[in-house]
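Topology and contacts: notes
Below are the chains, spelled out letter by letter.
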Amino acid sequence: MNILSPSILAANFWELGENIRAVEKAGGTYLHIDVMDGLFVPSISFGMPVIQSIRPNTELFLDVHLMINQPERYVKEFAACGADLVNFHIEATEDVKGTIELIRSTGKKVGITIKPGTAVKELEPYLELVDMVLIMTVEPGFGGQKLIPECLDKVTELRKLALEKGLDLDIEVDGGITIDNVKAAIEAGANVIVAGSAVFKNDIGANVSKFLEEMQ
Ligand code: DX5
Ligand code: ZN
């Protein structure tokens, strides 16, 4: 089953609740939440209080993408404030395995992420330990960028590797995904699709419906 995970980074924060309702109403099941610290990536987005405000008001699966240095410092807090899955960059910590174990210990799902410049082979030691791998299809830090096509080759490589290992791995893509290239991402092997600016502009519900249709 392919899943759409709309990124609220592109939402209107004045109307965040209504924007999230529109995703739900159109049949969305996930929400992608981009946390940036101004160090791992140049920009700063939002953190725990925003997730905490969303959590009691929606059943959507909260897919939290940490773009922060030393994510192990905050795993417990993100789990406590309502994340369903905690996803961190392997480039951001010296203790990938320990961070995976820490997330596991909270009972939440575990995701690991790589930037466009990081090779798929770097993920190999951890594939059996995680639920999801996020392959960034732009440099992390900002919404509204263009997809880097070579990153889809990494998706294909990872799907092949997962199949060889007999793993039923969720592979997520994030950055520059639009209604016109989402099929290519799925054909490459992704099954969880993040879309920010392509969802949270104009008619959110109509955008979600279009994506879900295209992703079948
Ligand atoms: C970028 C974030 C993305 C971003 C995607 O660093 O991780 O989740 O919101 O936005 P679009 O879909 O506009 O590229
Ligand atoms: Zn993201």
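Summary of the structure given here. (Residues numbered from 1 in each chain as written. Chains lettered and ligands numbered in written order. Predicted model: local features only at pLDDT ≥ 70, side-chain atom pairs only at ≥ 80, totals over all residues. Heavy atoms only, no water.)

1. Digging into the site of ligand 1
Of all residues adjacent to ligand 1, which total 20 residues, the nearest are D34, G141, D174, G196 and S197. G144 places a main-chain nitrogen or oxygen 2.8 Å from an oxygen atom of ligand 1. Contact with the protein chains removes 99% of the 380 Å² of surface that ligand 1 exposes when unbound. Comparing atom positions with the cavity grids shows ligand 1 to sit within the largest pocket. Those elements giving two or more residues to the shell around ligand 1 turn out to be strand 2 (30-36), strand 3 (61-67) and strand 8 (192-195). Looking at the shell around ligand 1, its residues break down into 8 nonpolar, 10 polar and 2 charged. (Near = heavy atom within 4 Å. Polar contact = N/O pair within 3.5 Å; in protein donor to acceptor, adjacent residues only side chain to side chain. Areas by Shrake-Rupley, 256 points an atom, 1.4 Å probe, with all protein chains shown as cover. 1 Å grid on protein atoms, 1.4 Å probe; cavity = no way out; pocket = protein on both sides within 12 Å on 5 of 7 lines; lining within 4 Å. Sits in = over half its atoms within 2 Å of the grid points. Helix = DSSP H or I, 4+ residues; strand = E, 2+ residues; numbered from the N terminus. Nonpolar A, V, L, I, M, F, W, Y, C, P; charged D, E, K, R; others polar.)

2. Description of unusual backbone geometry
Positive phi is not limited to glycine here, since Q70 has a value of about 45 degrees. Classification of Q70 as partly exposed rests on a relative accessible area of 43%. The phi angle at N202 is positive, at roughly 55 degrees, despite the residue not being glycine. Residue placement: N202 occurs in the loop between strand 8 and helix 7 (204-214). (Buried < 20%, exposed > 50% of the residue type's maximum accessible area, 1.4 Å probe, protein only.)

3. Side note on the sheet that holds strand 1 (residues 3-6)
Strands sit in the order 1-8-7-6-5-4-3-2 across an open sheet of 8 strands; the sheet is parallel. On the outer flanks of this sheet lie strand 1 and strand 2, each paired with one strand and no other. The sheet shows a mean angle of 25 degrees between the axes of neighbouring strands, taken without regard to direction. (Pairing = 2+ DSSP bridges. Axes fitted to C-alpha atoms, helices over the stretch in contact; angles between N-to-C directions.)

4. Section: the packing of helix 1 (residues 16-25) against helix 7
Contact geometry of helix 1 with helix 7 gives a least axis separation of 8 Å together with a crossing angle of 35 degrees. In this structure, helix 1 meets helix 7 at a crossing whose hand is right-handed. Residue-level inspection shows N19, A22 and V23 of helix 1 in contact with helix 7, the latter providing I204, G205 and V208. Its residues assigned to classes, the contact of helix 1 with helix 7 shows 4 nonpolar, 2 polar and no charged. (Left-handed = near helix turned anticlockwise from the far one by under 90°. Contact = heavy atoms within 4.5 Å.)

5. Considerations on the coordination of the zinc ion (ligand 2)
Surrounding the zinc ion (ligand 2) are the protein donor atoms H32 (NE2), D34 (OD), H65 (ND1) and D174 (OD), which sit 2.0 to 2.3 Å from the metal. Its 6 donor atoms give the zinc ion (ligand 2) angles of 69 to 169 degrees at the centre, a pattern that matches the octahedral case. Donor residues for the zinc ion (ligand 2) sit on one chain with the sequence pattern H-x1-D-x30-H-x108-D. In this pair, D34 is assigned in strand 2 and H65 in strand 3, connecting sequence segments 31 residues apart. For the pair formed by D34 and H65, the shared burial category is buried. (Donors = N, O, S within 2.8 Å, 3.2 Å for Na, K, Ca; no water. Tetrahedral: all angles 85-135°; square planar, octahedral: opposite > 155°, others 65-115°.)

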